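Each chain, written out:
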Amino acid sequence: MPKPFVGGTPWKHLGIADMTNDAENVGVKPPSKEEVKNAKLTKKDPIVVGDDEETTTAIYNKGNKKTIVVKLTPKDNVKQTVAGDKFFMPFVDIAIWPPYKLQDGMDAGIKNFSLAFVNSAGSCSPTWGAYASYTINNDTLNLPKQIKAVAKAGGHIMISFGGATAGGNELANTCTTVATLAAAYQSVIDDTGVKMIDFDIEGHNSYNKVNVLRRMKALKIIQDKNPNVEISFTLATMPTGLLAPSGLMIVKTAIKEGVKFKMINLMLMDYGYSFPAKTEGDLKIAGYSIQALRSVNAQLKILLTTASGYDSVNGEYYNLLGATPMIGRNDVLVEYFYKDDIEKLTQFCNEVGVKMTSMWSINRDKAIASGESEVSILYQSTKLTEAQYGTEKYKFSKLLKEGRE
């Protein structure tokens, strides 16, 4: 909650007449008698009692007597917006320790961040990483202040739900009705003010038709209530395209339920031992990933044939696609995304107009440290040596950001 200051000076009693003439309160209506009557009496003068995205409410007292309730718009309150047509937005693994500081990425020239993942700790209440203590706006992570800093710097935030480790703690599992699930999603939007939300649907959650349908019905409620909030899906893919039946079923269900997605973000990773790509310089994993983008583009041409509200560019749907490689060593140990692979993938994305480039994850965008395991605890780094990666952090971020905001 903000401190009771506006423009660097303490708030003062404006009075009803002054409110309409004050530059910071143009259009603000004086409080009703009912508002003043119901305001909680306090000995402090003034005290902030609540705030939302646009206004802050304060109660003014004089001599222990309620006088007025006014709404002010602080100068430093910045609304969040959606990103543009071509942007770089890396995933941030929020729940690992120590917490990643968004300012570190901003200092390296990165403007946009996708915060992952929101799930539950077994109930229908959203938390980061399914940890009960990591509530959405908890003090340990200090995300509200960080999110505001990104917005003030002209960047954008997306919040991603789900992920590979969500399992039964995915909100579409723990919230057993459409109404409670929609309320859980809405609470995250309200608590953070974000305008971009993503749903990373993996594993058995991508096959569970009941939960997929519940999620889409809840998202239709969210979309109708928040028309300025963009929805995207992050889905597993192979060089042949979205997985059948899971990935295709998710997209088909969204279309059928009237959920207008702004992007299908492809996980360009973990293709399996049938697609080895371990040798540096062979560009195999870049080739597999480019083929996956082409395949999903072709699938969307079929899936969106009868759907309304989706615009192609010259008959192609790359403008609805995101590309998210797992930098360095992948979970499948015969797969590596090297710098040359990233350069080739980025070039293709820019040529065809892919909406978003991203990566898993910005926490990992550095060389392997001395004494660090080469095969385990993958969240620590790319697992590439300094000879392969370089000595400075954010090498892959800068490559994927090339030509984008």
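Residues numbered from 1 in each chain as written. Predicted model: local features only at pLDDT ≥ 70, side-chain atom pairs only at ≥ 80, totals over all residues. Heavy atoms only, no water.

Draft legend 1. Representation of the packing of aromatic side chains. Across all of its chains, the model carries 16 aromatic pairs by this definition. Seen in terms of ring centroids, Tyr-185 and Phe-199 are 5.0 Å apart; in terms of plane orientation they differ by 65 degrees. Their pairing is edge-to-face. Here Phe-199 lies in strand E11 (residues 196-200) and Tyr-185 lies in helix H6 (residues 178-192), a separation of 14 residues in the sequence. When its relative accessible area of 1% is taken as the criterion, Tyr-185 is described as buried. Judged by its relative accessible area of 0%, Phe-199 falls in the buried class. Among the aromatic residues, those joined into a ring-pair cluster are Phe-161, Tyr-185, Phe-199, Phe-233, Phe-261 and Tyr-310. (Phe/Tyr/Trp six-rings, centres within 6.5 Å; stacked < 30°, edge-to-face > 60°. Helix = DSSP H or I, 4+ residues; strand = E, 2+ residues; numbered from the N terminus. Buried < 20%, exposed > 50% of the residue type's maximum accessible area, 1.4 Å probe, protein only.)

Draft legend 2. Representation of empty space enclosed by the protein within the structure. Inspection of every chain in the model, using the stated rule, returns 1 cavity of 30 Å³ or more. If you add up the space inside the largest cavity, you get close to 40 Å³. Along the walls of the largest cavity sit Phe-87, Met-158, Met-196, Ile-197, Glu-230, Ile-231, Ser-232, Lys-262, Met-263 and Lys-355, which together make up its complete lining. Counting residues per element, the ones that place at least two in the lining of the largest cavity are E11, strand E12 (230-238) and strand E14 (261-268). In terms of residues, the lining of the largest cavity owes the most to one element, E12, which gives 3 residues. (1 Å grid on protein atoms, 1.4 Å probe; cavity = no way out; pocket = protein on both sides within 12 Å on 5 of 7 lines; lining within 4 Å. Points joined across faces, edges and corners; volume = space filled by probe spheres on them.)

Draft legend 3. Main features of the side chain of Glu-335. Among the secondary structure elements, Glu-335 is positioned in the loop between strand E16 (328-329) and strand E17 (336-337). Within the buried set, Glu-335 has no salt-bridge partner at all; the shortest N-O distance to an opposite charge, 10 Å, is to Arg-329. Looking at Glu-335, its side chain comes within polar contact range of the main-chain nitrogen of Gly-272, at 2.8 Å. When neighbours within four sequence positions are excluded, Glu-335 is seen to be in contact with Met-269, Asp-270, Tyr-271, Gly-272, Phe-275, Ala-277, Ile-285, Gly-328, Arg-329 and Asn-330. (Lys, Arg positive; Asp, Glu negative; His and termini not counted. Salt bridge = Lys/Arg side-chain N within 4 Å of Asp/Glu carboxyl O. Polar contact = N/O pair within 3.5 Å; in protein donor to acceptor, adjacent residues only side chain to side chain. Contact = heavy atoms within 4.5 Å.)

Draft legend 4. Molecular detail of the confidence of the model for the chain. Confidence in the prediction for the chain averages 86 pLDDT; 81% of positions are at 70 or higher. Low confidence marks residues 41-76, where pLDDT is under 50. Its contacts with residues over four positions away, or in another chain, come to 103 contacts. (pLDDT = per-residue confidence, 0-100.)

Draft legend 5. Geometry of the pairing of strand E10 (residues 157-162). Along E10, 6 of the 6 residues are buried, which leaves the element largely enclosed by surrounding structure. Pairing analysis gives 5 bridges linking strand E8 (residues 113-120) to E10, with the strands arranged parallel. Its bridge partner lying in E10, Leu-115 is registered against Ile-159. In this sheet, E11 lies alongside E10 in parallel orientation, the contact comprising 5 bridges. If you follow Gly-162 over to E11, its bridge partner there is Asp-200. (Pairing = 2+ DSSP bridges.)

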